[in-house]
Amino acid sequence: MKFKITLLFILTHLIVQAQTYKATLIFKDSHIEEGFVKSFIENRTITSGFSGSLEHELNLDDKTIKFKTNETAESKSIPSDEIDEIIIHEEKGNITFKRILLKELSSKGEVKNGGRMVFLPFIKKGKINIYGIKFSESGSTGQGVTFFSKGLRFYYQNANEDYAINYQNIGMSDLVNIRSRITNPFKDLFKDCPEMLKEIETMENQMFQKNKEAKQEFKDKQKEFKGLPKEEQEKLATIHKYNFYGFERMFEKYEECP
């Protein structure tokens, strides 16, 4: 029985890996090519307790893109640094992946130097761009039982900058400075808007408040979310709207900055 389950998993994995997706490639020199891609959009299940970065585990830092002009054509490898965006065409709608520099944050929420070039899917565009991914994770209980779980992560970019910040990559060592780790990144996102910088302290207090109004708002948001159609609940834009509504309010205020 165990052999059959393992074989089924391997076969399913191979079928998924063989998939190609209809896509539009937008190059940095502004020319466009239509066809099919594979590469970084292959569905992957990461192992619980993975080492390195999540984005690397998910292959989002692919150095080359496998591309072909039609489904029967021979594929060619295109260097990722030649590409600006990739639009994946699906029945439920298009997904636009932006190739962008992703920067990490220190334990105090300060933007680190360097970073990694990755493909991230747009969730919402504006003065603050929101990116987001979903992923599957597998692990073991230590008693031979394998489990699977779902995860997600959001990233933020000031549209005037050429990088996004890995806001939700919070480790155990960051918990010591959790307050600054959560709020300081907004100083970078809003650094060109003095009005917003003045409000960060107020926003910090609001984010950490535990009064009745805050608790009730959370309950109301969750109730409204659960009342949505299941298909709508699965959208990353919807998940962000109802779970990070405080961030969304800040981003809306920033949209009003001159």
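Above this text you will find the structure in question.
No experiment lies behind these values; they were computed from the predicted model shown. (Residues numbered from 1 in each chain as written. Predicted model: local features only at pLDDT ≥ 70, side-chain atom pairs only at ≥ 80, totals over all residues. Heavy atoms only, no water.)

Caption draft 1: Expanded view of the overall build of the protein. Helix and strand counts for the protein stand at 9 helices and 11 strands. Looking at the 258 residues of the protein, the share that counts as buried comes to 39%. Considering only contacts within the protein whose residues lie at least 6 apart along the sequence, 55% involve residues at least 24 apart. Approximately 15,500 Å² of the protein is accessible, and the part contributed by carbon and sulfur atoms is 53%. (Helix = DSSP H or I, 4+ residues; strand = E, 2+ residues; numbered from the N terminus. Buried < 20%, exposed > 50% of the residue type's maximum accessible area, 1.4 Å probe, protein only. Contact = heavy atoms within 4.5 Å. Areas by Shrake-Rupley, 256 points an atom, 1.4 Å probe, with all protein chains shown as cover.)

Caption draft 2: Quick look at a nonpolar patch on the surface. On the surface, Ile170, Met172 and Leu175 cluster together into a nonpolar patch covering about 320 Å² of accessible area. The residue Leu175 is located in the loop between β11 (163-165) and α3 (178-183) in this model. Judged by its relative accessible area of 44%, Leu175 falls in the partly exposed class. (Patch = residues over 30% accessible without salt bridge, like charges linked within 9 Å, V, L, I, M, F, W, Y side chains within 5 Å. Salt bridge = Lys/Arg side-chain N within 4 Å of Asp/Glu carboxyl O.)

Caption draft 3: Expanded view of the side chain of Lys103. Mapped onto the elements, Lys103 comes out in strand β7 (residues 93-103). For the buried residue Lys103, which engages in no salt bridge, the nearest side chain bearing the opposite charge is Asp162, 5.9 Å off. In this structure Lys103 touches Val111, Lys112, Gly114, Gly115, Tyr163, Ala164, Ile165 and Asn166, once residues within four positions along its chain are discounted. (Lys, Arg positive; Asp, Glu negative; His and termini not counted.)

Caption draft 4: Region of interest: the packing of aromatic side chains. Applying the stated criterion across every chain, the model contains 14 aromatic pairs. Geometrically, the ring pair formed by Phe225 and Tyr242 is tilted, given 5.8 Å between the ring centres and 55° between the ring planes. With Phe225 in helix α6 (residues 212-226) and Tyr242 in helix α8 (residues 236-243), this residue pair connects regions lying 17 residues apart in the sequence. Summarising the burial analysis for this pair, Phe225 and Tyr242 share the class buried. Consider the rings of Phe244 and Phe247, whose centres lie 5.7 Å apart with planes at 40°: the pair is tilted. Under the relative-accessibility criterion, Phe244 is labelled partly exposed at 21%. Put simply, the rings of Phe154, Tyr156, Tyr167, Phe186, Phe190, Phe244, Phe247, Phe251 and Tyr254 touch in pairs and so form one group of aromatic residues. Above the face of the Phe122 ring, Lys125 is positioned so that its terminal group lies 4.5 Å from the ring centre. (Phe/Tyr/Trp six-rings, centres within 6.5 Å; stacked < 30°, edge-to-face > 60°. Lys NZ or Arg CZ within 6 Å of the ring centre and 35° of its normal.)

Caption draft 5: Region of interest: unusual backbone geometry. One non-glycine residue, Ser30, lies in positive phi territory at about 80°. Structurally, Ser30 can be placed in the loop between β1 (21-27) and β2 (32-37). Notably, Asn59 is not glycine yet its phi reads approximately 70°, a positive angle. As for its placement among the helices and strands, Asn59 is situated in the loop between α2 (54-57) and β4 (64-68).

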